[in-house]
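Each chain is listed here by its residues.
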Amino acid sequence: MENQKLKKEIGFFTALTIVMGTVIGSGVFFKPEAVYSATGTASLGLLAWILGGVITICGGLTAAELSAAIPQTGGMMIYLQKTYGKLTAYLLGWAQTVIYFPANIAALSIIFATQVANLFGTGDGIIVPVAIGAAVFIMLMNFIGAKVAGSFQAITTICKLVPLVLIIIFGLFHQGDVAFRLFPISVEDHPFLTSLGSGLVATMFAYDGWIHVGNIAGEMKNPKKDLPKAIVFGLTGVMLVYLLINIAYLFVMPAAALAATATPASDVANIIFGSIGGKLITIGILISVFGTINGYTMTGIRIPYAMSLENQLPFSNWFKKLGAKSGVPYNGGIVILLISITMIFSGGFNQLTDMLIFVIWIFYTLTFIAVFVLRKREPELVRPYKVPFYPVIPIIAILGGAFIVINTLFTQPMNAGIGLGLTAIGLPIYLYKKKKGHFSN
């Protein structure tokens with residue numbers, strides 16, 4: 001792929017808003033259930049949010065060195081191919097096509113449907129059909145064209161900030177009878193290390209999206225100076241927002257109650273604002289989730305298209321087809337939608353998100369290691385930005401990634417096994433395509 005000739009127009013403040021806007025999504029509204037179920041206490045849950053933020057900051061600072069040095073279309077796939085070869089890059093693209101994006105769409109559609117059921121007081125029987133309806137609607141909207149989907153994305157990005165701000169402000173000043181204690185940090189039925197690990201995996205879904213922050217390096221006026229500041233301040237800001245809203249939750253509901261509800265943000269809003277106000281906040285959260293589904297759909301359907309351009313998928317000619325008027329790769333969208341619907345039937349929100357985080361963090365960790373490999377192998381490579389405090393920051397990112405992956409293997413072997421199995425299916429396809437000459441060096 002050719003280097004892009006990008007206009008260097010982005011300054012520090014714009015980069016800061018891009019970082020925060022990219023990362024803050026729907027996880028902060030729904031992951032408290034999984035976090036506090038795993039940790040058992042407010043203190044250990046908050047520690048998981050802090051640790052997740054620290055690993056995210058170190059990961060962002062580390063991956064940004066590769067983004068600045070290799071500003072090519074394809075992002076992480078290009079870094080992995082340059083470092084490890086085409087097989088690793090291919091397996092990432094395959095995993096994104098069959099796991100990462102479909103699981104995100106499925107999980108978010110499930111939580112959207114759960115919110116709808118909560119809003120209207122219906123039973124759980126509507127969750128699957130509403131989830132499928134949401135996924136299908138957004139996919140069809142994307143088939144109309146990128147302009148429509150992009151405009152919708154801009155509107156929902158603004159809407160997601162409203163419930164965040166209101167819950168934080170009113171939650172922190174809420175006068176209730178909830179005793180918020182930081183100690184004890186652990187309880188007998190929640191072993192410290194495994195509980196913290198499972199809570200950390202849950203928080204990483206809320207922090208996911210950080211890998212894209214380095215992609216703006218090629219368009220920054222002064223990436224060497226402004227990019228690390230934008231990452232540190234931006235991701236620290238995200239971590240503070242997540243901590244504040246979780247403290248607000250805990251001022252209103254105890255950790256045990258948050259662990260027992262699939263809609264923690266809506267339940268907190270109902271207590272703070274009453275029934276009508278709570279429903280308005282819930283509608284805001286629904287719009288936010290809808291926008292997040294749209295974001296993953298817009299990005300996801302273009303992965304199989306990009307791979308098919310190099311004939312890397314079965315039926316590549318079919319995946320290459322674009323809509324005559326829309327110019328959208330709809331066949332890739334159809335496949336991702338079908339996988340998403342299958343996942344909606346087969347998994348819940350937390351199961352799907354934990355599986356996708358496990359799989360993607362294998363590749364994230366390989367990306368961090370790539371910084372060491374390329375520094376040794378290609379010292380002459382022009383690096384407009386270098387990760388600060390090398391090698392400490394990359395080592396923290398690698399250790400954090402390894403902990404997430406290993407902890408999931410031991411605490412959630414089924415999710416890990418399914419994720420590894422689906423990823424491994426891509427291996428025989430790669431070998432077949434390589435035999436046909438599509439992966440020649």
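For the structure itself, consult the block above.
Parameters at a glance
- Residues numbered from 1 in each chain as written.
- Predicted model: local features only at pLDDT ≥ 70, side-chain atom pairs only at ≥ 80, totals over all residues.
- Heavy atoms only, no water.
- Salt bridge = Lys/Arg side-chain N within 4 Å of Asp/Glu carboxyl O.
- Helix = DSSP H or I, 4+ residues; strand = E, 2+ residues; numbered from the N terminus.
- Buried < 20%, exposed > 50% of the residue type's maximum accessible area, 1.4 Å probe, protein only.
- Contact = heavy atoms within 4.5 Å.
- Axes fitted to C-alpha atoms, helices over the stretch in contact; angles between N-to-C directions.
- Parallel < 35°, antiparallel > 145°, perpendicular 65-115°, else oblique.
- Left-handed = near helix turned anticlockwise from the far one by under 90°.
- Nonpolar A, V, L, I, M, F, W, Y, C, P; charged D, E, K, R; others polar.
- Polar contact = N/O pair within 3.5 Å; in protein donor to acceptor, adjacent residues only side chain to side chain.
- Core = buried A, V, L, I, M, F, W, Y, C linked by side-chain atoms within 4.5 Å.
- Expected span 1.5 Å × (residues − 1).
- Bend = angle between axes of the 7 residues up to and from the residue.
- Phe/Tyr/Trp six-rings, centres within 6.5 Å; stacked < 30°, edge-to-face > 60°.
- Patch = residues over 30% accessible without salt bridge, like charges linked within 9 Å, V, L, I, M, F, W, Y side chains within 5 Å.
- Areas by Shrake-Rupley, 256 points an atom, 1.4 Å probe, with all protein chains shown as cover.

Visitor: How should I be thinking about the pattern of salt bridges in this particular structure?
Guide: When charged atoms on two side chains of opposite charge get close, those side chains can pair. Scanning all chains against the criterion turns up 4 salt bridges. A salt bridge links Arg375 to Glu65; the nearest nitrogen and oxygen atoms lie 2.8 Å apart. One end of the pair, Arg375, is in helix α17 (residues 349-377); the other, Glu65, is in helix α4 (residues 42-69), and 310 residues separate them in sequence. Exposure remark for Glu65: the relative accessible area of 2% places this residue in the buried category. With a shortest N-O distance of 3.3 Å, Glu65 and Arg383 are connected by a salt bridge. With Glu65 in helix α4 and Arg383 in the loop between α17 and α18 (392-411), the pair connects residues that are 318 residues apart, well separated along the chain.

Visitor: What is the right way to read the side chain of Gln115 from this model?
Guide: Examined against the element boundaries, Gln115 turns out to sit in helix α6 (residues 86-120). On the accessibility criterion, Gln115 (0% relative accessible area) is buried. Residues contacting Gln115, with those up to four places away along its chain left out, are Phe30, Thr263, Ser266, Thr282, Ile285 and Leu286.

Visitor: Quick question: what am I supposed to make of the packing of helix α7 (residues 127-144) against helix α13 (residues 264-300) here?
Guide: If you want to describe how two helices pack, look at the angle between their axes and the distance between the axes. Between α7 and α13, the shortest axis-to-axis distance is 10 Å and the interhelical angle comes to 55 degrees. The orientation of α7 with respect to α13, classified from their angle, is oblique. Note that α7 runs across α13; the crossing there is right-handed. Taking contact as the criterion, the partners of Ala134, Phe137, Ile138, Met139, Met141 and Asn142 in α7 are, on α13, Phe290, Ile293, Asn294, Thr297 and Met298. Counted by class, the contact of α7 with α13 contains 8 nonpolar, 3 polar and no charged residues.

Visitor: What am I meant to see in the side chain of Thr39 here?
Guide: Along the chain, the position of Thr39 falls in helix α3 (residues 32-39). We classify Thr39 as buried; its relative accessible area is 0%. Separated by 2.9 Å, the side chain of Thr39 and the backbone oxygen of Val35 make a polar contact.

Visitor: Sorry, what's going on with the nonpolar core here?
Guide: Across soluble globular proteins, nonpolar side chains have a tendency to be buried as a group. Membership of the largest hydrophobic core comes to 134 residues, with the highest contact counts inside it found for Phe29, Trp210, Tyr242, Trp361 and Tyr364. Ranked by the residues each element gives to this core, the list is headed by α6, at 21 residues.

Visitor: What is the right way to look at α13 in this model?
Guide: Residues lying three or four places apart along an α-helix face the same way, a consequence of the helix completing one turn every 3.6 residues. Under the 1.5 Å per step criterion, the end-to-end length of α13 is only 28 Å for 37 residues, more than 12% shorter than the ideal 54 Å. Maximal helix bending in α13 amounts to about 130 degrees, located at Gly274.

Visitor: What is the right way to read the packing of aromatic side chains from this model?
Guide: Aromatic ring pairs are described here by two measures, namely the spacing of the ring centres and the angle between the planes. Under the counting rule described, the total for this entry stands at 21 aromatic pairs. For the pair Phe170 and Phe273, a centre-to-centre distance of 5.2 Å together with 70 degrees between the ring planes defines the contact as edge-to-face. Taken as a pair, Phe170 in helix α9 (residues 161-172) and Phe273 in helix α13 lie far apart in primary sequence, 103 residues in all. Geometrically, the ring pair formed by Phe205 and Phe349 is edge-to-face, given 5.7 Å between the ring centres and 85 degrees between the ring planes. Placement of Phe205 in helix α10 (residues 192-207) and of Phe349 in helix α17 is noted, with a sequence separation of 144 residues between them. Accessibility classification places Phe205 together with Phe349 in one group, the buried group.

Visitor: What should I look at first to understand a nonpolar patch on the surface in this one?
Guide: Together, Ile50, Val54, Phe389, Val392 and Ile396 give the surface a local cluster of nonpolar side chains, amounting to about 430 Å² of exposed area. Broken down by secondary-structure element, the contributors of at least two residues to the nonpolar patch are α4 and α18. With respect to the secondary-structure elements, Ile396 resides in helix α18. Overall, Ile396 belongs to the partly exposed group, its relative accessible area being 34%.

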